2 protein chains.
Amino acid sequence: MTDVAALPLPSTVDDHRDCPVTGVLRRVGDKWSVLIISVLGAGPRRFNELHRGIEGLSHRILTLTLRGLEGDGLVSRTVFATNPVTVEYALTPLGQSLREPLTAVAEWALRHRAELEAARRD
Amino acid sequence: MTDVAALPLPSTVDDHRDCPVTGVLRRVGDKWSVLIISVLGAGPRRFNELHRGIEGLSHRILTLTLRGLEGDGLVSRTVFATNPVTVEYALTPLGQSLREPLTAVAEWALRHRAELEAARRD
DNA sequence: CAGGATCCTCTCTGATACTG
DNA sequence: CAGTATCAGAGAGGATCCTG
């Protein structure tokens, strides 16, 4: 495996802000992006399907999060001119490809769940 | 590979808050944690070594970030009773083990850097 | 149905000053 | 050296109401 420490480390403030790794981590570190990617991984969903499927996620934040994911090219937005209008969200190939490294993190978290909870209790 | 969508999805508000995957992502999604893990991956560092080594990272935020990492059991803090006191931070085995999935994300970001930048321009 | 607009709160981040 | 305390700003998150 490649060593994280061997990767180019952002040393200046600008490097850090522009670092693609930093950008990705901040996106998946927000409150709902990963959950939405996860749901869309099972197939395209309409706006209100996503809204109803995720408890605690407000209307507004869903919109903003989808805009962010769309802006990063991870999610596509397709409008169907029905009446009333239908909008379908789906993972792009780029978004699909992100699921693999995300899974690595998720599996790590599940595998070390007990240790994490033990540490947090102290 | 295991499918992210196949992992247990947090469906209620409490599930989401307690989800270990969510917790890990929010930690590594903060501004400095990954960079610090990355630096400590090369070996233990003293407080001011970390501070000097990372431009733009304030005194206070370094303290808070290290407390967070320590609280999650990812970083250890050792005090040496020298005069003045010396404090050494190092990755715990748990912290070391996190570097592997983190590297997967980092490599994904670097591999798809061009696509990400192109998407963000539109 | 799929949102945009407002307003409000809370957390994260940071600058500055002080301490054992 | 390695912090803690205080204060201030920015941004994320959320509730509510309105619209094509």
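Details of the structure are given in the entry above.
A few points on the structure. The structure displayed is predicted, hence computed values, not measured ones. (Residues numbered from 1 in each chain as written. Chains lettered and ligands numbered in written order. Predicted model: local features only at pLDDT ≥ 70, side-chain atom pairs only at ≥ 80, totals over all residues. Heavy atoms only, no water.)

**Details of the protein's contact with DNA strand D**
Then, in step 1: The local shell around DNA strand D holds 20 residues, among which A:Lys31, A:Arg60, B:His59, B:Arg77 and B:Tyr89 are the closest.
Then, in step 2: Taking the atoms of DNA strand D that fall within 4 Å of the protein, sugar and phosphate contribute 64% of them.
Then, in step 3: Take A:Lys31: an N or O atom from its side chain is 2.4 Å from a phosphate oxygen of DNA strand D.
Then, in step 4: B:Val87 has a polar backbone atom sitting 3.2 Å from a phosphate oxygen of DNA strand D.
Then, in step 5: Those elements that place two or more of their residues in the surface near DNA strand D are α5 (59-71) of chain A together with α4 (47-53), α5 (59-71) and β3 (86-91) of chain B.
Then, in step 6: Examining the composition of the surface near DNA strand D, we find that four residues originate from one element, α5(B), more than from any other.
Then, in step 7: Of the residues assigned to the surface near DNA strand D, the class counts are seven nonpolar, five polar and eight charged. (Near = heavy atom within 4 Å. Polar contact = N/O pair within 3.5 Å; in protein donor to acceptor, adjacent residues only side chain to side chain. Helix = DSSP H or I, 4+ residues; strand = E, 2+ residues; numbered from the N terminus. Nonpolar A, V, L, I, M, F, W, Y, C, P; charged D, E, K, R; others polar.)

**Section: the sheet that holds strand β2 (residues 75-80) of chain B**
Residue and element names in this part refer to chain B.
Then, in step 1: As summarised here, the arrangement of the three strands in space is β1-β3-β2, forming an open sheet in which the pairing is antiparallel. The outermost strands of the open sheet, each flanked by one partner alone, are β1 (45-46) and β2.
Then, in step 2: Here six bridges tie β2 to β3, and the two strands are oriented antiparallel to one another. Within β3, the residue paired with Phe 80 across the bridge is Thr 86.
Then, in step 3: Of the strands in this sheet, β2 and β3 touch α5, which is tilted by about 115 degrees from β2. (Pairing = 2+ DSSP bridges. Contact = heavy atoms within 4.5 Å. Axes fitted to C-alpha atoms, helices over the stretch in contact; angles between N-to-C directions.)

**Some points on the interface of chain A and chain B**
Then, in step 1: Contact with chain A, which involves 56 residues of that partner, is made by 56 residues of chain B.
Then, in step 2: Taking both partners together, chain A and chain B bury about 5,200 Å²; carbon and sulfur atoms supply 70% of that area.
Then, in step 3: We note a salt bridge from A:Arg120 to B:Asp72, for which the minimum N-O separation is 2.9 Å.
Then, in step 4: At the junction of chain A and chain B, the tally comes to nine residue pairs in polar contact (both at pLDDT 80 or more).
Then, in step 5: Counting residues per element, the ones that place at least two in the side of chain A that touches chain B are α1 (13-18), α2 (20-28), α3 (33-40), α6 (93-111) and α7 (113-121) of chain A.
Then, in step 6: Broken down by element, the residue count for the side of chain A that touches chain B peaks at 15 residues, all from α6(A).
Then, in step 7: Grouping the amino acids of the side of chain A that touches chain B by side-chain chemistry returns 31 nonpolar, 12 polar and 13 charged. (Buried area = accessible area lost by both parts, 1.4 Å probe. Salt bridge = Lys/Arg side-chain N within 4 Å of Asp/Glu carboxyl O.)

**Quick word on helix α6 (residues 93-111) of chain B**
Residues and elements named next belong to chain B.
Then, in step 1: Here α6 contains 19 residues, and its C-alpha end-to-end distance of 28 Å stays within 8% of the 27 Å for a straight helix at 1.5 Å per residue.
Then, in step 2: The principal kink in α6, of about 30 degrees, is found at Pro 101.
Then, in step 3: Among the residues making up α6, those that are buried are Leu 94, Gly 95, Leu 98, Arg 99, Pro 101, Leu 102, Thr 103, Val 105, Ala 106, Trp 108 and Ala 109. (Expected span 1.5 Å × (residues − 1). Bend = angle between axes of the 7 residues up to and from the residue. Buried < 20%, exposed > 50% of the residue type's maximum accessible area, 1.4 Å probe, protein only.)

**Quick word on the pattern of salt bridges**
Then, in step 1: Enumeration according to the criterion identifies 14 salt bridges over all chains in this entry.
Then, in step 2: Linking B:Arg67 and B:Glu70 is a salt bridge whose minimum nitrogen-to-oxygen distance equals 3.6 Å. Here the residue B:Arg67 and the residue B:Glu70 both occupy positions in helix α5, the gap between them amounting to three residues, near one helical turn.
Then, in step 3: Note on B:Arg67: relative accessible area 36%, which makes it partly exposed.
Then, in step 4: One connected set of salt bridges, linked through shared partners, spans A:Arg27, A:Asp30, A:Asp72 and B:Arg120.

Read these as spatial facts, not as claims about activity.
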